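Here's the letter readout for the chains.
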Amino acid sequence: MRRWLVLLVLCGGSEVAVLAQAPAPFDFYARGPYQQSIPRPETILGYASGTRHSYHYQMEYYIQALAQATPRVRVVSYGESYEGRKLYLVLISSEENIARVEEIRTATARLADPRQVGGEGELRRLIAATPATVWLNFANDGNESAAFEAALQVAYQVAAGEDETTRKIRTRVLTLVNPAYNPESHDRFVAWFNAIVHGPEGNPDPNAVEHGSEWLMNSNDNHYHIDLNRDAVALSQRETQAAIRQLHHWNPQVAIDHHGNPPIFFFPPTAPPMNQNLPPSFRRWEEIFGRAIAAEFARYGWSFMNREIYDFFYPGYLDMYPALNGAIGMTFETDGGGSQGLQLERPDGTRSTLVGGIAKHFTGSFATLAATAEGKDKLLEDFYLFRKTGLEEGDRGPVKQFVLLEGKNASRAAELAELLRAHRIEVYRATAPFTSSRAYNYFDGVVSSRQFPAGSYVIPTNQRQKRLLMTLLEPEAKLSEDFLEVERAKKERNARLGRRAGRERDGFYDITAWSLPLSFGVEAYWTEDRATGVTPVAAPPQLPKGIAGGTPRYAYLFALDSTASVKLMARLLREGFKLAVEREGFAIGENTFPAGTLLLRVERNPETLHQRIRALADEIGVRVWAADS
C-alpha cells in the first residue's frame, strides 16, 4: 500500500499543501521483469552485491557468463595491465545492434569527421540509423571500490531487463562497460581490505583499521604508482594508452567516469572553471543529464551535490578527455565503499554503506542511459556539430596553425609530434622553408615575421580535432574572468585573516597548466597564416640512431635528451654496465654535448659493451657517439 506525505510549505505567509510520495526502498531488481536465462551477479559470485569486495578474476567470470548467456552481450579484451590482468570492454545492446556493431562503429566514426559526411541528407540518414554510444568507465581509482561492483549490476540491468525503458536503451544505445580501467589499484585494495575487514558486515567505527590503510595498499595508482586519472594527456601508462585507443575507436557521445568517496554523491553540472574550448552545447547536456539523475535520486530521497568542488578544466581526466573528443563527459563520485568500507558511521550517527554507494552509481548510470536513449538523435547531431564547428572556428579564427621546430633537440620535437598523433591530431611537416608574417613566440611572446626551416612540424587548426589540439597546445589555458574575480576576492579575504583562522577553499581542483610545447621544451610558435608545401606525418619520424664512428678506444657518449635515451640508460644499467655523467657541456671536434651527457668508458666495462650498445642503440633508436679520447 502506497504511503503519502503531506508537506506544509510556507509561501509568503500562506500555507500551501503539497502531496509527495514517500521515498521508495531501493532494490537492484525493482525494474523487472528480467530475462531468466541471463545470470545475476550473485549467481556467479556467490554473494549479494555490496556484501563483499570482488576481485578482478571474479569480474571476469561474470562478464564471460553474461556473454555466453545472451547475444545481446559481447566481451572484447582491449589490452593488458602491467601485472598481466586483462582489460575488457563489455558491449551491450539489442541482438540486432550487436550483430551489426562494426557498422555502428563505422557510421559513428563518419559523424566524428564532418569531412566524410556528404551533406544534410546523408547526415540525417546516418543519425536515424545509428544508436548513440555510451562509455561507462569503472574502477579508474581502484580503491574507490563501489564503482567496480556497480559495473556488474549495470551490465546485468542493460543486458537482462525487459521493462520498457531498458528495452528502449538496448534499441537506441550501444553501451560500453569498462569494468576495471585500473585493475592493479583495485585488486591491491581488495586484497588488503578483505584481509583486514572485521566480520561479515565490517566495522562502522571511523577509527577502525579497515578505514585507513598504509598508503601503498590504499593507493588509487597503477603498478608504477601513476594516477591513471591524470594520464590522458601524457599517455605514459599502458592502461591509459589502451583505453584512449578504444575511445578513439568507438567515439562515444556520452562518457561517465565512476569514482568515490566524498560524504555525498556528486554528479554534474560541474563546478567552475570549465575548459573554454568546449562548445555551449556541453553545458546544455550537463543540465539535461543532471536533471534526469536528480529525478531518479528524488525517488529514493537521496542527498546529492553538484556545481561544487569538481571542475571541468584539465584535459587529462577520464571525463574531460572524452569531452574534448565530442562526448558529454561526466564524473560520478559516490559515498560508500573504498575507505568507507562496507559501512561507516557518519558524524551525525547515520551510516554510509558499500551497497548504497553501488546503488547510487547504478541509478546515475541507468538515468543517463535512459536520457541518452530519449535524446539519441540530438546527441548524435551535437556530436557531429562539435567537430564541424571546430573546423569552422579553425578556418576563421586568429590561430591558423602551430609550428614546432626541431632545433637542437630533434628527438623531443619528434616525441611531441608522435604524442599528438596518438591523440588523433593531424600533424604535417614542411617540405621547404616557409615564412609567416605574424608568428607568436611561445617563450617570450614576441610577434614577428619569421622564416621556418624545412622539416618543421605544422599543426593546422582547421581539422576535426581542433578543440583538443587547442587545449593541448595553446600557450596558456584560459580561465573565465567571472571565475577569476571570485578567486581574487577569496584570496583578498583570506589574506586579512589571522594565521590560525579557517580559510575559504579556492576553486582550483588541481592541475591548471600543461601546455605541451612548454612541457617538452620545444621551440614553438602559433601563426595567423598557414604554411603551404606541407606533407602529412603518417609514421614516426626517422631520427638518427646507432653508433656514429667506429669502435672507440676511449668511450661511447649519448645525450640524455629524450624518452628513448632514458630507456637506453635504464637498459645499460640493468645489464650491469658502468655509466658516468658529464657535469658540464663540452665539444669533440664540431660536435657539442650538453651537461648531463652519459659516458660509457671502454676501460671500465666488459668487452661485451661494443656489441651490446650497438644492438641497443639501433633497437631503441638513440644516436651514440664513439670517442677515441
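Remember, it's a predicted structure, so these values are computed and weren't measured experimentally. (Residues numbered from 1 in each chain as written. Predicted model: local features only at pLDDT ≥ 70, side-chain atom pairs only at ≥ 80, totals over all residues. Heavy atoms only, no water.)

Visitor: Residue-level account of the layout of surface pockets, with values.
Guide: Empty space among the atoms can be located by rolling a probe the size of a water molecule over them. In this model, the largest pocket occupies a volume close to 780 Å³. Along its surface, the largest pocket is lined by 22 residues, and Glu 415, Thr 563, Ala 564, Lys 567 and Ile 620 are the ones closest to its centre. Of all elements in the fold, only helix 14 (410-422) and helix 18 (563-574) reach the threshold of two or more residues within the lining of the largest pocket. For the lining of the largest pocket, the element with the highest residue contribution is helix 14, accounting for five residues. Grouping the amino acids of the lining of the largest pocket by side-chain chemistry returns 11 nonpolar, seven polar and four charged. There is about 630 Å³ of room inside the second largest pocket. Together, 19 residues line the second largest pocket, and Lys 408, Asn 409, Ala 559, Asp 561 and Trp 625 are the ones closest to its centre. When contributions to the lining of the second largest pocket are tallied by element, the ones reaching two or more residues are helix 14, strand 24 (591-593) and strand 26 (623-627). It is strand 24 that provides the largest number of residues to the lining of the second largest pocket, a total of three residues. (1 Å grid on protein atoms, 1.4 Å probe; cavity = no way out; pocket = protein on both sides within 12 Å on 5 of 7 lines; lining within 4 Å. Points joined across faces, edges and corners; volume = space filled by probe spheres on them. Helix = DSSP H or I, 4+ residues; strand = E, 2+ residues; numbered from the N terminus. Nonpolar A, V, L, I, M, F, W, Y, C, P; charged D, E, K, R; others polar.)

Visitor: Account for the environment of Asn 306, naming residues and giving values.
Guide: Checked against the element boundaries, Asn 306 lands in the loop between strand 9 (304-305) and helix 11 (320-323). Residues within four places of Asn 306 in sequence aside, it is in contact with Phe 266, Phe 267, Pro 268 and Pro 269. (Contact = heavy atoms within 4.5 Å.)

Visitor: Got a sec to walk through the pattern of salt bridges? Specific residues and values, please.
Guide: Per the counting criterion, the structure on display carries 42 salt bridges. Linking Arg 553 and Asp 628 is a salt bridge whose minimum nitrogen-to-oxygen distance equals 4.0 Å. Here the residue Arg 553 occupies a position in the loop between strand 20 (546-548) and strand 21 (555-558), and Asp 628 occupies one in the segment after strand 26, the gap between them amounting to 75 residues. A single network of salt bridges, built from pairs that share partners, joins Glu 120, Arg 124, Arg 284, Lys 378, Glu 381 and Asp 382. (Salt bridge = Lys/Arg side-chain N within 4 Å of Asp/Glu carboxyl O.)

Visitor: Run through the side chain of Arg 31, naming residues and quoting values.
Guide: Along the chain, the position of Arg 31 falls in the loop between strand 2 (14-21) and helix 1 (41-45). Classification of Arg 31 as buried rests on a relative accessible area of 15%. Here Glu 296 takes part through its side chain, which lies 2.7 Å from a polar atom of the side chain of Arg 31. Excluding anything up to four places from it in sequence, Arg 31 contacts Gln 157, Asp 163, Glu 296, Arg 299, Tyr 300, Phe 362 and Phe 366. (Buried < 20%, exposed > 50% of the residue type's maximum accessible area, 1.4 Å probe, protein only. Polar contact = N/O pair within 3.5 Å; in protein donor to acceptor, adjacent residues only side chain to side chain.)

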